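# Summary of the model geometry
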Amino acid sequence: MKLVEIIEGKAKILIPDPAQFSREGKFDPAWSPVFYNPRMTFNRDVSVIAVSIISPSSVLDAMSATGIRGIRYALESNVKDEIIFNDKNPISIEIISKNVKNNGLVNSKVVKSDANSLMHQVKVEYTDLDPFGSPAPFLFAGISSLRRRGYLGVTATDLSALEGKSKTSSIRKYGASGGKLSFSREAGLRVLLAKIAREAAVQEKGIKPLVSFYNDYYYRLFVRMDDGAKKADATLEKLGTLYECEACGYSFMSQDNCIKKCPYCSGNVRRFGPAWTGELNDQEFLDKMKERIPSFSYLPNIGRASKLIESLIAENKYELYYRTDVLSSKMKINMPTMEFMINCLGNAVRTHFDPRGFKTSRSISEVRECIKAG
Ligand code: SAM
């Protein structure tokens with residue numbers, strides 16, 4: 001197999017030559033015997049910044065593929081000691097070993113194992129889960145691979161299950177029932193956090209989301225584990241249900257999972273959950289990420305990463321987002337511009353989840369007044 005070298009961040013990585021695995025001039029990473037997806041570079045860039053704040057003593061890159069993540073953490077994220085690279089694919093193992101050596105990593109181990117089996121055997125401070133599709137089958141073992149007060153990083157690309165579009169997979173993978181709501185991109189992230197919280201609770205751990213976001217076609221998040229049955233119980237109290245009124249569009253979260261009528265207009269509500277109802281991001285962690293931006297100025301994506309972090313900071317004090325297109329269609333009037341809505345509401349911001357979305361602390365009646373005025 002012909003390998004070519006690419007540079008991402010501070011890492012030089014050998015990957016299978018994309019030209020060999022292109023069909024009709026198109027490259028699909030899934031056709032390659034070892035996975036490397038340039039569309040995930042932004043995910044890795046933001047992750048490198050987040051891990052640099054955690055500065056873990058030990059890391060498990062549980063699904064390494066080429067080893068790019070773990071290698072970047074070693075070179076860019078202040079990892080204090082060991083990195084374990086793992087993949088079940090034997091061709092990956094050959095490539096990871098070459099990449100680890102070429103990048104001069106000394107404190108590292110390359111393992112060929114099933115991720116779940118390995119995660120039940122090791123203890124590290126930070127575990128990274130980056131599977132194809134759903135992380136659900138790996139969450140329990142991922143949490144059990146962590147030392148006290150450890151950290152878990154998770155990528156999920158199974159958006160149709162998480163957002164409630166595919167109802168049967170929502171139930172199978174996440175135990176989430178109901179259906180897709182207009183703020184489905186936020187709903188998906190909250191359903192994923194709820195699943196992590198439940199898996200952690202079984203192991204008498206609570207979770208604290210540090211940074212979590214949607215981009216392109218995936219979710220990426222980092223949570224800290226807080227050990228103890230009381231922390232687990234406190235975490236479970238943050239699980240609830242997401243609601244949206246079919247009539248007026250009012251959206252809310254509640255620990256009560258049996259609400260049938262909208263508290264604003266008494267219309268019928270649609271629901272989805274269980275979902276995380278707490279904060280999606282930790283303000284202090286986001287502030288630290290923002291402070292770190294200048295030291296990552298060598299990354300081509302740093303402008304985008306900085307914009308995302310700014311957006312997460314601005315969004316953090318608000319709850320669910322509304323969509324101008326959905327509300328104006330319910331009210332059967334023309335959609336106002338986003339700029340008009342933000343100015344009219346005064347206390348509102350755009351959301352990174354959706355260009356048609358905004359978050360606000362204003363009431364639904366004030367939101368509807370602004371839609372009308374637009
Ligand atoms: N982390 C990589 C990156 O940033 O480029 C990409 C990982 S790729 C999406 C998923 C990898 O997980 C593949 O290399 C696949 O072989 C591996 N994998 C899938 N299921 C696994 C399992 N049960 N145990 C170990 N590795 C697994």
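### Section: the packing of helix α1 (residues 41-54) against helix α2 (residues 68-76)
In the contact formed by α1 and α2, the axes pass within 10 Å of each other and the chain directions differ by 40°. Taken together, the axis directions place α1 and α2 in an arrangement best described as oblique. The two elements α1 and α2 cross, and the hand of that crossing is right-handed. Touching Thr 41, Asn 43, Arg 44, Asp 45, Ser 47, Val 48, Val 51 and Ser 52 of α1 are Ile 68, Arg 69, Arg 72, Tyr 73 and Glu 76, all from α2. Classifying every residue of the contact of α1 with α2 by side-chain character gives four nonpolar, four polar and five charged.

### Concerning the sheet that holds strand β12 (residues 218-227)
Overall, mixed pairing links the seven strands, which are arranged β7-β6-β5-β8-β9-β12-β11 in an open sheet. A strand with exactly one partner marks an edge of an open sheet, and here the two such strands are β7 (108-111) and β11 (205-215). Mean inter-strand twist for the sheet, computed between neighbouring axes without regard to direction, equals 15°. Sheet topology places strand β5 (residues 58-61) next to strand β6 (residues 82-86); four bridges connect them, and they run parallel. Counterpart to Ser 58 in the pairing with β6 is Glu 82. Here helix α8 (residues 184-202) sits on the sheet in contact with β9 (146-156), β11 and β12, set at roughly 30° to β12. Of the strands in this sheet, β11 and β12 are in contact with helix α9 (residues 229-236), which crosses β11 at around 45°.

### Here we look at the site of the ligand
Residues in close proximity to the ligand total 18 residues, the closest being Met 63, Asp 87, Asp 114, Ala 115 and Asp 130. Within the contact set of the ligand, an oxygen atom lies 3.0 Å away from a side-chain nitrogen or oxygen of Arg 69. One of the side-chain nitrogen or oxygen atoms of Asp 87 is found 2.7 Å away from an oxygen atom of the ligand. For the ligand, whose unbound accessible area comes to 610 Å², protein coverage reaches 93%. Tallied by class, the residues present in the shell around the ligand amount to eight nonpolar, four polar and six charged.

### Observations regarding the domain arrangement of the protein
Each domain of the protein was delimited in the assignment, giving domain 1 (3-276) and domain 2 (322-374). Of the residues lining the interface, 15 residues belong to domain 1; the matching set on domain 2 comes to 13 residues. Across the domain 1 to domain 2 interface the summed buried area is about 1,200 Å²; carbon plus sulfur atoms make up 56%. Counting across the domain 1 and domain 2 interface gives two salt bridges.

### Overview of the environment of Phe 35
Within the secondary structure, Phe 35 sits in the loop between β4 (26-27) and α1. Along the sequence, Phe 35 and Lys 2 sit 33 residues apart, while their C-alpha atoms lie 14 Å from each other. Discounting chain neighbours no more than four positions away, the residues touching Phe 35 are Pro 29, Ala 30, Ala 65, Thr 66 and Phe 132.

### Considering α1
Here α1 is 14 residues long and its end C-alpha atoms lie 20 Å apart, about the 20 Å a rise of 1.5 Å per residue gives. In terms of burial, α1 is largely enclosed, as 14 of its 14 residues are buried. Count one or two residues on from α1 and you reach Ser 55, which has phi positive near 45°.

### Here's the deal with the state of the cysteines
On inspection of all chains with the given rule, the structure shows one disulfide. Note that Cys 344 is cross-linked by a disulfide to Cys 370, the S-S spacing being 2.0 Å. Torsion about the S-S bond of the Cys 344 and Cys 370 cystine: about -85°, corresponding to left-handed handedness. Here the residue Cys 344 occupies a position in helix α13 (residues 338-345), and Cys 370 occupies one in helix α14 (residues 364-373), the gap between them amounting to 26 residues. Accessibility expressed as a relative area gives 5% for Cys 370, which makes it buried. The thiol of Cys 258 is not disulfide-bonded; the next cysteine sulfur, from Cys 262, is found 17 Å away. No disulfide involves Cys 262; its sulfur sits 3.8 Å from the nearest other cysteine sulfur, which is in Cys 245. On the basis of relative accessibility, which here comes to 3%, the residue Cys 262 falls in the buried class.

Parameters at a glance
Residues numbered from 1 in each chain as written. Predicted model: local features only at pLDDT ≥ 70, side-chain atom pairs only at ≥ 80, totals over all residues. Heavy atoms only, no water. Axes fitted to C-alpha atoms, helices over the stretch in contact; angles between N-to-C directions. Helix = DSSP H or I, 4+ residues; strand = E, 2+ residues; numbered from the N terminus. Parallel < 35°, antiparallel > 145°, perpendicular 65-115°, else oblique. Left-handed = near helix turned anticlockwise from the far one by under 90°. Contact = heavy atoms within 4.5 Å. Nonpolar A, V, L, I, M, F, W, Y, C, P; charged D, E, K, R; others polar. Pairing = 2+ DSSP bridges. Near = heavy atom within 4 Å. Polar contact = N/O pair within 3.5 Å; in protein donor to acceptor, adjacent residues only side chain to side chain. Areas by Shrake-Rupley, 256 points an atom, 1.4 Å probe, with all protein chains shown as cover. Domains from an automatic or database assignment. Buried area = accessible area lost by both parts, 1.4 Å probe. Salt bridge = Lys/Arg side-chain N within 4 Å of Asp/Glu carboxyl O. Expected span 1.5 Å × (residues − 1). Buried < 20%, exposed > 50% of the residue type's maximum accessible area, 1.4 Å probe, protein only. Disulfide = S-S within 2.5 Å.

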